[in-house]
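Structural description and commentary
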Amino acid sequence: MLRAERISKSYRASGGHVVAVDGASLQLERGQRLGLVGPSGSGKSTLAQVMAMLLAPDDGSLTVDGDRIDVWGVHCRCELRHRVQLVFQSPRMAVDPRLRVGEAILEPLVASRLLAARDAECAVLLHDWATRVGLTYDLLERFPHEVSEGQLQRACLARALIVAPRYLICDELSSMLDVSTQAALLEAIAAIQAEQELGVLLITHDRVLADTWCGEVADIRELAARSGEGEADATQRHASARAAALSALVRGRQRRAMPP
Amino acid sequence: MSAAGAALRLRGGLTQRLVETARRWPTYMRVAAGVLALLVVAGLLANVVAPLDDTAVDLDHVLEGPTAAHPMGTDEVGRDLLTRVLHGVRISLVIAVLASLAAVAVGALVGVLAGTLGGRADAVLMRMTDVFASQNHFLFGVLLLVLFRPVLGGTGAIMLAIGFTHWPSLARIVRGELLSVRERPFVLAAIGGGASRHRLARRHYLPHLLPAVGLAFVLTVPHAVFHESAYSFLGLGLEPHQASLGNILADGQRSLLAGGWWIALFPGLALLAIAMTIGTIAEYWREHLHPRWRSELEL
């Protein structure tokens, strides 16, 4: 179980601190599909980075299958880091522009010295994962700027899955992609998730998507163990309900516009 | 070739890629590259191409204009000017390249230190850089020359003077690039994949900085050629008998009054050719590499 308890994180900004996550608790079981929704700026990505051990929280604790995380980022043990993998929102930013797509997918294995780039096993793994996420082999030799956004996101997914994680966090995985690519990616994740008993946390601002794809959905604004609810929260909730309705409307239109 | 090698083979070797790049060059770039290649080869082969001794004095043929025996004429003590210019090209190019390397090394070091250490060390290093950048770097170079010439000799002092006055802009760029690349999400992704700090530096930071450093090096070379000849012209650089372009120009200035126009003209043209060809190539590279550096890398 991936368990985050009372995670708090604030950033220094001009004119004081900005609290990104305020005492959020979240649990993700293996084999579970959990959705996490919330408006932009509500700290979803910060929480995701903390749960992937990439960012040290100010307060709170994180345990991965019983192992408590005390050090973060490069100081954290490689094996622990590999247990939770994060797929970022924008694939263009999340891939080093100087590595070929194939190199980028293999990079985690090489960086953590599980394999050397020359090993024959690398090619086998690379081709295997390329097939699973739906990349053709010729794309592996290209540079990131020579492939499409959707293809690059598939590569990011392969890069995350190649280290055999137990938990996968998808941070707005599909918000930059068109609907059909989005569906294909989620289908690929679903297949792998069922096969490997992967716990998937799907972070999105799209309530409808979360409701249809995930077994359970959490709202980041309700994760904090806060007492009482101010008027501001109620206003925000109203705004968010409107946003959700709007998003459902748009998705309905897109579905109709798509060829059968 | 192993299976992985086959899966990720590079498209074409370095030579092939260079040829492909050269094919896209506009005509002025081809001319510049050709002339520069000619100058470099002539400089490298100075001893072979010009078999005469560049310091051989021939008092029977003093201040002769261009003839078949001496295509660029002779100077006031009868030394063959073609030979001296060829040696001058070599000496000036070697000094300029080494001095630029020194400048780039200092700039990269300061930039990397400032970008890595951060905080107070960063502030101190960058204010120091500002102080250096606000000085007149030619005068500062003269000061360094005067101080270090007795210790290091002319050649060493010139390299030091150029190296220690041409680093601030590169230091700023390297620091900025380092700070910006560290914030990019692909670094977080690499950490998630298990990369160590060493791996991050080698695999992600360094390749990101190298183009800026390489470009700064090329941009500094023509500048260093001018500086070397200017210092030598002022009598602060190499020994007077050494055939650097600046020294020959200084000789030429004296001979101009005696009507010896060729002694100043030919080394001057050589100097111009070196600076213009390298400058043209660097300019082209800068335009195509990174538009944002256009304004920042004015050396």
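These lines cover the structure that appears in this document, whether it is placed above or below. The structure presented is a predicted model; accordingly, all values stated were derived computationally and were not measured.

**Section: the pattern of salt bridges**
Residues and elements named next belong to chain B.
- Across all of its chains, the model carries 24 salt bridges over all chains by this definition.
- A salt bridge links Arg84 to Asp75; the shortest N-O distance between them is 4.0 Å. As far as burial versus exposure is concerned, Arg84 and Asp75 are alike and both buried.
- Asp122 serves as the salt-bridge partner of Arg175, at 2.6 Å between the closest nitrogen and oxygen. Linking Arg175 in helix H8 (residues 168–182) with Asp122 in helix H6 (residues 119–134), this pair joins segments that are 53 residues apart in sequence.
- Ionic contacts of the salt-bridge type, sharing partners, join the residues Asp75, Arg79, Arg84, Asp251 and Arg254 into one network.

**Let's talk about the packing of helix H4 (residues 101–111) of chain A against helix H5 (residues 120–133) of chain A**
All names here are of chain A.
- Orientation of H4 relative to H5, taken along the N-to-C sense of each, is 115°, at an axis distance of 10 Å. The crossing of H4 and H5 is right-handed. Facing H4, whose interface residues are Gly102, Ile105, Leu106 and Leu109, H5 presents Cys122, Leu125 and Leu126.
- Taken together, the residues of the contact of H4 with H5 sort by class into 6 nonpolar, 1 polar and no charged.

**Re the sheet that holds strand S9 (residues 216–219) of chain A**
Residue and element names in this part refer to chain A.
- Judged by pairing direction, the sheet is parallel, and its 5 strands sit side by side in the order S6-S7-S8-S3-S9 without closing on themselves. Unpaired on one side and paired on the other, strand S6 (84–87) and S9 mark the two borders of the sheet. The sheet shows a mean angle of 20° between the axes of neighbouring strands, taken without regard to direction.
- Taken together, the 4 bridges between S6 and strand S7 (residues 167–171) define a ladder with parallel strand orientation. Each bridged residue has a counterpart across the sheet, and for Leu86 the counterpart in S7 is Ile169.
- Sitting on the sheet, helix H1 (residues 44–51) touches strand S3 (33–37), S6, S7 and strand S8 (199–204), and the angle it makes with S8 is about 155°.
- Packed onto the sheet, helix H7 (residues 179–196) meets S3, S7 and S8 and runs at close to 155° relative to S8.

**What to know about H7(A)**
Residue and element names in this part refer to chain A.
- Compared with the 26 Å implied by 1.5 Å per residue over 18 residues, the 26 Å span of H7 between its first and last C-alpha is a close match.
- Every buried residue of H7 is accounted for by Thr181, Gln182, Leu185, Leu186, Ala188, Ile189, Ala190, Ile192 and Gln193.
- Within two residues after H7, Glu197 carries a phi angle of roughly 55°, on the positive side.

**Here we look at the sheet that holds strand S4 (residues 59–64) of chain A**
- With antiparallel pairing, the 4 strands of this open sheet are ordered in space as S2-S1-S4-S5 (chain A). Two strands bound the open sheet, and with one partner strand each, they are strand S2 (16–28) and strand S5 (67–68) of chain A.

**Here's the deal with the environment of B:Ser92**
Residues and elements named next belong to chain B.
- The topology assignment puts Ser92 in helix H5 (residues 81–117).
- A relative accessible area of 0% places Ser92 in the buried class.
- Residues Ser92 and Gly43, spaced 49 residues apart in sequence, show a C-alpha to C-alpha distance of 9.3 Å.
- Among residues more than four places away in sequence, those in contact with Ser92 are Val225, Glu228, Ser244 and Leu245.

**Re the packing of aromatic side chains**
- Evaluated as defined, the whole model comprises 4 aromatic pairs over all chains.
- Ring geometry for B:Phe138 versus B:Tyr231: centroids 4.9 Å apart, planes at 25°, classification stacked. With B:Phe138 in helix H7 (residues 137–163) and B:Tyr231 in helix H10 (residues 197–233), this residue pair connects regions lying 93 residues apart in the sequence.
- Classification of B:Phe138 as partly exposed rests on a relative accessible area of 25%.
- Look at B:Trp261 and B:Trp262: their rings are 5.5 Å apart centre to centre, the planes differ by 85°, and that puts the pair in the edge-to-face class.
- The buried category is assigned to B:Trp262, whose relative accessible area is 7%.
- Directly above the aromatic system of A:Trp129 lies the positively charged group of A:Arg132, at a separation of 4.6 Å from the ring centroid.

**Structural notes on the interface of chain B and chain A**
- Taken together, the contacts link 28 residues of chain B with 40 residues of chain A.
- One salt bridge in this structure joins B:Arg203 and A:Glu107, with 2.9 Å as the shortest N-O distance.
- For the side of chain B that touches chain A, the secondary structure elements donating two or more residues are helix H1 (3–7), helix H9 (185–192) and H10 of chain B.
- Ranked by residue count, the leading element in the side of chain B that touches chain A is H10(B), at 8 residues.
- Taken together, the residues of the side of chain B that touches chain A sort by class into 15 nonpolar, 7 polar and 6 charged.

**A closer look at a nonpolar patch on the surface**
Residues and elements named next belong to chain B.
- A cluster of nonpolar side chains, contributed by Val40, Val41, Leu44, Leu45, Val48 and Val49, occupies part of the molecular surface with about 530 Å² of accessible area.
- Of all the secondary structure elements, the ones that give two or more residues to the nonpolar patch are helix H3 (27–44) and helix H4 (46–49).
- At 3 residues, H3 tops the list of elements feeding residues into the nonpolar patch.
- Looking at the secondary structure, you find Val40 in helix H3.
- What makes Val40 partly exposed here is its relative accessible area of 33%.

**Remarks on the pairing of S8(A)**
Residues and elements named next belong to chain A.
- With 6 of 6 residues buried, S8 is to be regarded as a mostly interior element.
- Where S3 lies against S8, 5 bridges are found, and the strand directions are parallel. Residue pairing across strands places Gly35 opposite Leu202, the latter belonging to S8.
- Where S7 lies against S8, 5 bridges are found, and the strand directions are parallel. In the sheet register, Cys170 faces S8, and the bridge partner there is Leu202.
- At this point the chain moves from S7, through H7, to the parallel S8, and the crossover so formed is right-handed.

Parameters and conventions
Residues numbered from 1 in each chain as written. Chains lettered and ligands numbered in written order. Predicted model: local features only at pLDDT ≥ 70, side-chain atom pairs only at ≥ 80, totals over all residues. Heavy atoms only, no water. Salt bridge = Lys/Arg side-chain N within 4 Å of Asp/Glu carboxyl O. Buried < 20%, exposed > 50% of the residue type's maximum accessible area, 1.4 Å probe, protein only. Helix = DSSP H or I, 4+ residues; strand = E, 2+ residues; numbered from the N terminus. Axes fitted to C-alpha atoms, helices over the stretch in contact; angles between N-to-C directions. Left-handed = near helix turned anticlockwise from the far one by under 90°. Contact = heavy atoms within 4.5 Å. Nonpolar A, V, L, I, M, F, W, Y, C, P; charged D, E, K, R; others polar. Pairing = 2+ DSSP bridges. Expected span 1.5 Å × (residues − 1). Phe/Tyr/Trp six-rings, centres within 6.5 Å; stacked < 30°, edge-to-face > 60°. Lys NZ or Arg CZ within 6 Å of the ring centre and 35° of its normal. Patch = residues over 30% accessible without salt bridge, like charges linked within 9 Å, V, L, I, M, F, W, Y side chains within 5 Å. Areas by Shrake-Rupley, 256 points an atom, 1.4 Å probe, with all protein chains shown as cover. Right-handed = clockwise from strand over helix to strand, strands pointing away.

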